[in-house]
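A structural walkthrough
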Amino acid sequence: MAKIVILTGSPHNPGTSKLLADSFEKGARESGDEVYRYDAGLQGNNAPHYLQLEKAPGIEVGIPDNDLVEKEVIPKLLEADVVVLVSSMYYFGINAQLKTVIDRFYDYNHQLKDKHSVVLVSGYVLKMTWLQ
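Overview of the structure.

Secondary structure assignment for the protein yields four helices and four strands. Secondary structure elements of the protein occur, N-terminal to C-terminal, as β-α-β-α-β-α-α-β. When the 132 residues of the protein are sorted by exposure, 34% land in the buried category. At a minimum sequence separation of 6, the contacts of the protein that also span at least 24 residues come to 75%. Carbon and sulfur atoms make up 54% of the accessible area of the protein, which totals about 8900 Å².

Following this line, the structure appears as structure tokens:
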């Protein structure tokens, strides 16, 4: 049984990257794996994973007490056997919500350096037509 952490970033619900993550999670759970999922793009103002200072750019700030990335995501990440990053494609890169969470890994680089399993799942849709 593997410990899997799935990190998604898209704020679109439902969107193509959410559907990719849902399918991966379903398959992992059916295989008996332990899955933790954090949908960074769907977090609201009550659980921010980033700090935005509109009136004071460039000023350093502390991490708020209700920070889910520090309290939940990082501990699960450090225990994980597999990390799955799921993002839609924006200008040939991952979306900002997921990138913001990944940037928070910096303080844990020494603990993460021996992790070998990372899966990047991305979705890019030019046009989606729904059949009725």
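Still to come is the rest of the account.
Quick look at the nonpolar core now. Within the largest apolar cluster, 17 residues are counted, with the highest numbers of intra-cluster contacts made by Leu7, Tyr38, Val101 and Phe105. Among the secondary structure elements, those contributing two or more residues to this core are strand S1 (3–8), strand S2 (34–39), helix H2 (68–79), strand S3 (82–88) and helix H3 (96–103). Per-element tally for this core: the top contributor is H2, with four residues. Discounting chain neighbours no more than four positions away, the residues touching Leu7 are Tyr38, Val73, Val84, Leu85, Val86, Leu98, Val101 and Phe105.

A few words now on the pairing of S2. Among the six residues that make up S2, five are buried, leaving the element largely enclosed by the rest of the structure. Looking at chain direction, S1 and S2 are connected through six bridges and run parallel. Bridging from a neighbouring strand, Val5 pairs with Tyr36 of S2. With helix H1 (residues 16–30) bridging S1 and the parallel S2, this β-α-β connection has right-handed handedness.

Quick look at the environment of Tyr38 now. By the secondary structure assignment, Tyr38 is in strand S2. Taking the relative accessible area as the measure of exposure, Tyr38 reaches 3% and is therefore buried. Each C-alpha atom, one on Tyr38 and one on Val69, is 8.7 Å from the other, the two residues being 31 residues apart in sequence.

Calculation criteria
Residues numbered from 1 in each chain as written. Predicted model: local features only at pLDDT ≥ 70, side-chain atom pairs only at ≥ 80, totals over all residues. Heavy atoms only, no water. Helix = DSSP H or I, 4+ residues; strand = E, 2+ residues; numbered from the N terminus. Buried < 20%, exposed > 50% of the residue type's maximum accessible area, 1.4 Å probe, protein only. Contact = heavy atoms within 4.5 Å. Areas by Shrake-Rupley, 256 points an atom, 1.4 Å probe, with all protein chains shown as cover. Core = buried A, V, L, I, M, F, W, Y, C linked by side-chain atoms within 4.5 Å. Pairing = 2+ DSSP bridges. Right-handed = clockwise from strand over helix to strand, strands pointing away.

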